[in-house]
Each structure stands twice: as C-alpha cells, then as structure tokens.
Amino acid sequence: MAKFPENFLWGGATAANQLEGAFDRDGKGLSVADAMPGGKQRLAILGSDTFDWTIDENKYTYPNHRGIDHYDRFKEDIALFAEMGFKSYRFSIAWTRIFPKGDETTPNEAGLAFYDALIDECLKYGIEPVVTISHYEMPLHLAKEYGGWKNRALIDFYERFAKVVLERFHSKVKYWMTFNEINSAFHFSALSQGMVNSTGASDFTNVIQAWHNQFVASSKAVKIGHELNPELQIGCMIIYATTYSIDANPVNQVATMIHNQAFNYYCADVQVRGKYPSFTDRLYKEHGVNKEDLEITEEDLALIAEHTVDYVGFSYYMSSAVDITTEEADEVQGNLLGGVRNPFLEASEWGWQIDPEGLRIALNELYDRYQKPLFIVENGLGAIDTFNEEGKIEDDYRIDYLRRHIEAMGEAIADGVDLIGYTPWGCIDLVSASTGEMSKRYGFIYVDFDDEGNGTMDRSKKKSFDWYKQVIATNGEELA
C-alpha cells in the first residue's frame with residue numbers, strides 16, 4: 001500500500017439539513033428537507049403519487065427541524081473535530097438561510113453571518129472548509145411554486161445564490177462542490193431536484209431536463225468561482241456504486257455496462273468532460289425521452305463545455321450487482337440504489353453491501369475515465385450503537401469498515417490514482433437523509449438524541465474517535 005500524500009485532506013462530512021436544526025430562526029425559510037417526514041417509510045411517502053410537499057404536523061414528525069442543534073453547538077463540534085486532528089471539514093450551506101424562499105433578490109445577512117462564524121471556527125483550528133453549495137436542501141418554495149429543477153427559472157435563482165456565497169467566502173474557502181449526489185435523481189429526484197411524482201418526477205423527461213438545468217447552473221457557479229480566484233477548486237459530486245454483473249453471462253454484462261453509463265457516468269461526464277456522452281441518445285430512447293421535448297440551447301452547451309469542474313467528489317458506501325436473467329433475483333436496498341444481492345459480500349443492518357475492494361475499483365474507474373483529482377467526500381457505516389456496562393460505545397464494527405476502506409484507498413494510490421482527500425460521512429451522529437432516523441448512526445461522536453426526539457443532545461466520544469485520531473496523526477500509516 002502506497003503512502004498517502006503529505007497534504008492529504010483527512011476529515012469528515014455533514015449536511016446542513018441533517019445537523020443544524022434551527023429551521024425557523026434568524027430568517028431561515030423552509031427547505032424540501034424540512035417537509036420530509038421521519039421513519040423508514042420516508043422515501044415511500046415522498047415517492048407516492050399524492051405527496052405534494054405539504055407539511056402536516058399532525059401526521060408526521062420532521063426530524064430535520066431539530067437536527068442535532070449544530071446551529072447553537074457548532075463551536076463545540078468543531079473543537080471535537082479539531083481534537084481528532086481534522087485537516088478538512090465538508091459541510092453545506094443551507095440555501096434557505098441565504099434566500100429563504102429562493103427567488104428573492106436580497107440575501108439574508110443573518111444566514112451569511114452564521115457561515116462566516118462557522119468557517120472562521122474551522123480556520124481557527126487549521127481545518128480546511130470544503131463547502132457543498134446545494135445538498136438536498138433546496139427552498140421548499142421553489143419545489144412547490146416552480147416545480148423544482150425541471151423549471152429553468154431555477155438556474156438564475158441558483159446562480160444568484162452561488163454568486164452571493166462565493167463572493168462572500170472565496171477568500172476563506174478553497175474547495176467547493178456545486179450539487180450533492182446529483183445522479184441520485186436517477187432513482188429518486190425528491191432530494192436533489194425537488195420533484196415528487198405529483199409534480200412530475202415519474203416522467204423521466206422532467207428528470208433529464210432538471211439535470212440539464214443543474215448542469216448549466218453548476219457551470220455558472222464554476223465560472224463565477226474561477227473569475228473570483230482561478231485557484232479555487234470547484235468539483236462535482238456523485239454517488240458512485242461499483243457495479244458487477246452477477247455472472248459471466250454476456251446479457252448481464254451488457255446490462256451492467258448500461259447501468260454504469262446511466263447511473264455512474266452520465267452526470268459526471270457532462271460536468272467533468274464538458275459534453276454529453278456518446279450513449280445519451282440511447283439512454284433517452286430507453287427511458288422514453290423525446291429529445292425534441294427538452295430545452296437545451298447552444299448557449300447552454302457552450303457554457304458547459306467551457307466551465308468544467310476541477311475535481312470529482314463522490315460518495316461510496318457499497319457496491320451493486322446486476323442480474324436480468326433470473327426471474328426472482330434476490331433484491332437488496334441501500335442508499336436509494338437497490339440491485340441484487342452479491343453472495344460474496346456481507347451487509348450492514350440496513351442492507352448495504354460492504355465492499356472495500358469495490359472502492360479501489362471505483363477509484364481506478366473514475367480516475368482512468370476523467371484524469372482529474374478525486375475526493376472521497378462520503379463513506380461510512382450506518383449502525384445501531386449501544387453503550388456497554390462502562391458507559392462506552394465500542395464501535396469496532398465501524399472501525400473495521402473504515403480501516404478496510406482506507407486500506408483500499410492506499411492500494412488505489414499505489415495504482416496511480418490522484419486522491420486528494422477523505423471525509424467519511426456523518427463524523428458526528430446526525431439525522432439520516434433516507435429515513436429521518438437518529439438510530440442509524442455514522443459518527444465518531446455520539447449525540448444523545450433518539451428517533452422520537454428525546455435526549456439531551458450531549459456529545460460523547462465513541463471508540464472510533466481515538467482510532468480515527470491516530471489514523472490522521474500517522475497520515476494513514478497506523479490503522480490497527
């Protein structure tokens with residue numbers, strides 16, 4: 001295993017809507033996350049034909065409203081990250097703290113001031129901020145009144161938002177990402193595109209149009225950032241799930257190729273290469289999309305070609321397998337992806353198939369395809385943590401998961417991959433994006449808060465806290 005670069009960005013990752021809380025304070029507006037109910041049926045509810053973003057407080061609870069109270073406790077949390085030795089901290093800016101409804105022309109100064117304080121707190125400890133401009137938290141008003149990202153009006157709204165935050169923070173923040181897991185809309189567009197079935201998500205033409213509008217918006221953000229400072233590093237961010245054919249049957253091999261094109265590469269190809277991939281027409285045909293129904297201008301394509309991203313950020317939690325030749329293949333669920341069960345892999349409590357070798361493959365596949373630096377900005381194990389008799393959380397299962405994935409990262413670096421950083425997901429326990437639960441925990445830091453909204457919100461260190469501190473202190477050399 002190769003040594004990690006001396007300037008490697010070890011750290012952790014979170015998202016505003018999953019930890020900040022304070023959903024209605026200091027001028028903040030409602031986001032789509034604030035309308036997402038809690039519980040294992042969250043995605044089913046959002047994917048129903050009747051859900052219309054209406055908040056019914058009598059029927060559902062909304063865990064994102066409270067998060068883990070990071071809005072008031074961020075100094076305590078950043079101090080704990082610094083104690084672990086973080087070199088970087090990936091977080092997002094809540095669009096609705098800056099533009100409460102999304103279509104205003106004047107930003108909310110109180111929201112900007114909060115992120116000034118948060119960024120300054122990171123810099124105080126020498127922690128490099130890594131900022132996601134939009135992370136599953138678009139203004140609810142834009143989803144309800146404009147229909148989400150299928151509406152080209154959102155390009156201008158996002159451009160205004162990006163311009164405000166880039167102008168405000170570019171002297172303090174070097175690393176940026178435009179959209180979180182932009183390709184997640186392939187399976188579920190509510191989170192990233194603000195569209196549900198009742199507002200058009202079930203028509204793939206709307207998903208494709210929404211992606212195009214996001215590609216244009218992303219390029220506008222890249223343009224703004226590079227004009228402010230050419231040294232800014234502005235990346236895209238995708239879910240990447242290494243995908244295998246279940247066997248050597250050529251039919252399954254072709255199905256796997258098509259899956260990879262559509263899910264793993266389509267969005268990244270446009271943002272990294274600056275043009276739509278060669279398989280685009282076939283993809284549209286397979287999903288019933290008439291190209292003539294899309295609003296894509298020559299000006300759009302020129303902008304996308306000229307303003308590509310500097311690096312590829314991605315999340316990796318699991319791999320997937322494809323089997324279209326077995327009538328009743330054993331299906332699994334995880335991170336919105338699905339797929340069939342791989343008999344060679346074990347799974348987490350939520351059915352996510354654990355595959356460290358798949359991360360090495362992912363890194364090689366992405367770097368060979370794009371030849372731009374890679375940044376693993378999410379990776380981790382969601383698990384139920386329990387205290388032992390001494391009042392400690394001995395999360396050896398999490399340590400084992402992370403150790404094996406870090407070893408795979410080292411092997412990929414030895415393979416020649418340019419990997420610049422690693423920010424495992426949920427470095428502190430927070431609300432699950434897919435289920436709204438607190439019981440699905442990822443953090444090195446335990447937060448006393450449960451699925452029913454009970455608890456003190458007090459923070460405490462798990463066994464993995466000191467383990468990760470050692471990993472960072474030795475730059476990945478001591479993983480035991």
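Since this is a predicted model, take the numbers as computed values, not measurements.

**Considering the packing of helix H3 (residues 70-84) against helix H15 (residues 463-473)**
Stage number 1. Viewed as axis vectors pointing N to C, H3 and H15 meet at an angle of 55°, and their least axial separation amounts to 8 Å. As summarised for this structure, H3 and H15 are arranged oblique, according to the angle between their axes. In contact with Leu80, Glu83 and Met84 of H3, H15 contributes Phe465, Tyr468, Lys469 and Ile472.
Stage number 2. Here the contact of H3 with H15 is composed, by residue class, of five nonpolar, no polar and two charged.

**Some remarks on the UniProt feature "active site" (unreviewed entry) in the chain**
Stage number 1. Here, the residues flagged by UniProt with the feature "active site" (unreviewed entry) are Glu378.
Stage number 2. Classification of Glu378 as buried rests on a relative accessible area of 4%.
Stage number 3. If near-sequence neighbours (up to four positions away) are discounted, Glu378 is found in contact with Arg90, His135, Asn180, Glu181, Met237, Phe314, Ser315, Tyr316, Tyr317, Thr423 and Trp425.

**Comments concerning the nonpolar core**
Stage number 1. One finds Trp53, Trp211 and Met409 to be the most contacted residues of the largest nonpolar core, which totals 150 residues.
Stage number 2. Ranked by residue count, the leading element in this core is helix H9 (residues 204-228), at eleven residues.
Stage number 3. In this structure Trp211 touches Ile182, Asn183, Ala185, Phe186, Gln193, Phe204, Tyr266 and Cys267, once residues within four positions along its chain are discounted.

**Points about the side chain of Arg90**
Stage number 1. With respect to the secondary-structure elements, Arg90 resides in strand S2 (residues 88-92).
Stage number 2. The class of Arg90 is buried, set by a relative accessible area of 0%.
Stage number 3. For Arg90, the side chain forms a polar contact with the side chain of His135, separated by 3.3 Å.

**Thoughts on the side chain of Thr435**
Stage number 1. Along the chain, the position of Thr435 falls in the loop between strand S10 (419-422) and strand S11 (445-447).
Stage number 2. We classify Thr435 as buried; its relative accessible area is 8%.
Stage number 3. Among the polar contacts made by the side chain of Thr435, one reaches the side chain of Ser432 at a distance of 3.1 Å.
Stage number 4. Here Glu437 takes part through its side chain, which lies 2.7 Å from a polar atom of the side chain of Thr435.
Stage number 5. Once you skip the residues sitting within four places of it in the chain, Thr435 turns out to touch Gly38, Gly39, Lys40 and Arg42.

**Quick notes on the pattern of salt bridges**
Stage number 1. One pass over the full model with this rule turns up 33 salt bridges.
Stage number 2. A salt bridge links Arg273 to Asp269; the shortest N-O distance between them is 3.7 Å. Taken together, the residues span about one helical turn, with Arg273 and Asp269 both in helix H10 (residues 250-273) at a distance of four residues.
Stage number 3. On the accessibility criterion, Arg273 (41% relative accessible area) is partly exposed.
Stage number 4. Assessed through its relative accessible area of 0%, Asp269 is described here as buried.

Here is what the cut-offs are and how they apply
Residues numbered from 1 in each chain as written. Predicted model: local features only at pLDDT ≥ 70, side-chain atom pairs only at ≥ 80, totals over all residues. Heavy atoms only, no water. Axes fitted to C-alpha atoms, helices over the stretch in contact; angles between N-to-C directions. Helix = DSSP H or I, 4+ residues; strand = E, 2+ residues; numbered from the N terminus. Parallel < 35°, antiparallel > 145°, perpendicular 65-115°, else oblique. Contact = heavy atoms within 4.5 Å. Nonpolar A, V, L, I, M, F, W, Y, C, P; charged D, E, K, R; others polar. UniProt positions renumbered as here; feature names shortened; annotations may be inferred. Buried < 20%, exposed > 50% of the residue type's maximum accessible area, 1.4 Å probe, protein only. Core = buried A, V, L, I, M, F, W, Y, C linked by side-chain atoms within 4.5 Å. Polar contact = N/O pair within 3.5 Å; in protein donor to acceptor, adjacent residues only side chain to side chain. Salt bridge = Lys/Arg side-chain N within 4 Å of Asp/Glu carboxyl O.

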